[in-house]
Structures are given as structure tokens and as C-alpha cells.
Amino acid sequence: LALFADACTMTSPKIVQYGHGATGAISGKKALRAYWTDALARAPALHFTWVETHAGPDCAMVLYDDQTGRRVSEFLRWNADGLVVQAVALHRCMA
């Protein structure tokens, strides 16, 4: 989590699924660490296969496939110090 600011936020449907917040959002590096510790314990085979990246002046959108083959888009915004202040994970809807 060295690349995240102390006051970072993250939004993801997995946050709700794993019981870390009914809104799907968490704030702060401490909460982010708790979420990722839990997420890694639940999915020890977790890995990402990079697809492509779209960049903006202070942000990027990374497309990747997770360990189940599901396509995920992750939006990252960073501050003037180059630390991530906002992360938003968007998972492909499965019909």
C-alpha cells in the first residue's frame, strides 16, 4: 500500500460482498489494508492479467482480467505527490 495516500478512498462491489461497507466504499489506508488482507485471504490465487491502460493527467484506467477471467476496470487518481487518493474497481456484469 506504499503507493496509496493515507487519506485514500476505494469503491468496489467486493467491499460490499466481503462485508467491509454497505455502500461499497472505504476510506483511509487502515481500512484499505483491512480490506485487502481479507480479500487476499479469501482468494489466495488472486492474480490479474493486464489488458490495457488509458491515462489522463492525474489518473489512469487499467483494464485487466481477474483470476476467474472476469474483466475488471480500475480507475486510479493520484495527488501531486504521486500517491493514489481514489481507486474505483468496476466489475463486468454477468448476465
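Data block above holds the structure.
It should be emphasised that the depicted structure is a prediction, and the values quoted were computed from it without experimental measurement.

Asker: Can you help me understand the packing of aromatic side chains in this one?
Answerer: Any two aromatic rings considered together are summarised by their centre-to-centre distance and by the angle between their planes. Enumeration according to the criterion identifies three aromatic pairs in this entry. Plain terms: the ring middles of Tyr 35 and Trp 36 are 5.3 Å apart, the flat faces sit at 70 degrees to each other, and that makes the pair edge-to-face. Here a set of aromatic residues connected by ring pairs shows up, and it is made of Tyr 18, Tyr 35 and Trp 36.

Asker: Help me out: how do you make sense of the nonpolar core in this one?
Answerer: Most often, soluble globular proteins keep nonpolar side chains buried together rather than apart. Ranked by internal contacts, the top residues of the largest apolar core, which has 13 residues, are Phe 4, Met 10, Ile 26, Leu 32, Tyr 35 and Ala 87. Within the residue set of this core, elements represented by two or more residues are strand S1 (4–11), helix H2 (29–42) and strand S6 (84–91). If we skip the residues at most four places from it in the chain, Ala 87 touches Phe 4, Thr 9, Met 10, Thr 11, Glu 74, Phe 75 and Leu 76.

Asker: Mind showing me how you'd approach the sheet that holds strand S5 (residues 71–78) here?
Answerer: One open sheet accounts for six strands, arranged S2-S1-S6-S5-S4-S3; its pairing is mixed. Whereas interior strands pair on both sides, the edge strands pair on one side only; in this sheet they are strand S2 (25–27) and strand S3 (49–55). Averaged over neighbouring strand pairs, the angle between their axes works out to 15 degrees when direction is ignored. Inspection of the sheet shows S1 paired to S6 by four bridges, in the parallel sense. Looking at S6, one finds that Phe 4 is bridged to Val 84.

Asker: Any chance you could explain H2 here in plain terms?
Answerer: Owing to its 3.6 residues per turn, the α-helix brings residues three or four apart onto one side. With 14 residues, H2 extends 20 Å from end C-alpha to end C-alpha; this agrees with the ideal 20 Å at 1.5 Å per step. Within H2, burial applies to Lys 29, Leu 32, Tyr 35, Asp 38 and Ala 39. For H2, the secondary structure elements touched by its buried residues are S1, helix H1 (13–17) and S2.

Asker: I keep staring at the pairing of S6 and nothing clicks. Help me out?
Answerer: Along any regular strand, the residues point their side chains to alternate faces of the sheet. Relative to S6, S5 runs antiparallel, the two being bridged by seven bridges. Paired with Val 72 across the bridge in S6 is His 91. Connecting the antiparallel pair S5 and S6 is a turn made up of five residues, with Gly 82 showing a positive phi of about 80 degrees.

Asker: In this structure, what is going on with the pattern of salt bridges? I would like to understand it.
Answerer: Where side chains of opposite charge bring their charged atoms close, a pairing between them can arise. In this structure the tally under the stated criterion is four salt bridges. Notably, a salt bridge pairs Asp 38 with Arg 42, separated by 3.0 Å at the nearest N-O pair. One end of the pair, Asp 38, and the other, Arg 42, are both in helix H2, four residues apart, so they sit about a helical turn from each other. Accessibility expressed as a relative area gives 47% for Arg 42, which makes it partly exposed.

Rules of the game
Within every chain, residues take consecutive numbers counted from 1 along the sequence as written. This being a predicted model, a pLDDT of at least 70 is required before a residue's local features are given, and a value of 80 or more before pairs of side-chain atoms are given or counted; all residues contribute to the totals for chains, interfaces and linings. Only hydrogens and water are set aside; all other atoms, that is, all heavy atoms of the structure, feed into the side-chain values. Two aromatic rings, drawn from Phe, Tyr or Trp (for Trp, its six-membered ring), form a pair once their centres lie within 6.5 Å of each other, and the interplanar angle then sorts them: stacked below 30 degrees, edge-to-face above 60, tilted otherwise. To define a nonpolar core, start from buried Ala, Val, Leu, Ile, Met, Phe, Trp, Tyr and Cys residues and group those joined through side-chain atoms within 4.5 Å. Only protein chains enter the accessibility calculation, which uses a 1.4 Å probe. A residue is then buried if its area is under 20% of the maximum for its type, exposed if over 50%, and partly exposed in between. We count a stretch as a helix when DSSP gives it H or I for four or more residues in a row; a strand needs E for two or more, and each element gets its number in order from the N terminus. What makes two residues a contact is simply this: any of their non-hydrogen atoms within 4.5 Å. A pair of strands is labelled paired if DSSP reports no fewer than 2 bridges between them. A fitted line through C-alpha atoms represents every axis, and for helices the fit uses only the stretch in contact; the resulting angles, taken between N-to-C directions, go from 0 to 180 degrees. One less than the residue count of a helix, multiplied by 1.5 Å, gives the span that helix is expected to have. What counts as a salt bridge is simple: a side-chain nitrogen of Lys or Arg found within 4 Å of a carboxyl oxygen of Asp or Glu.

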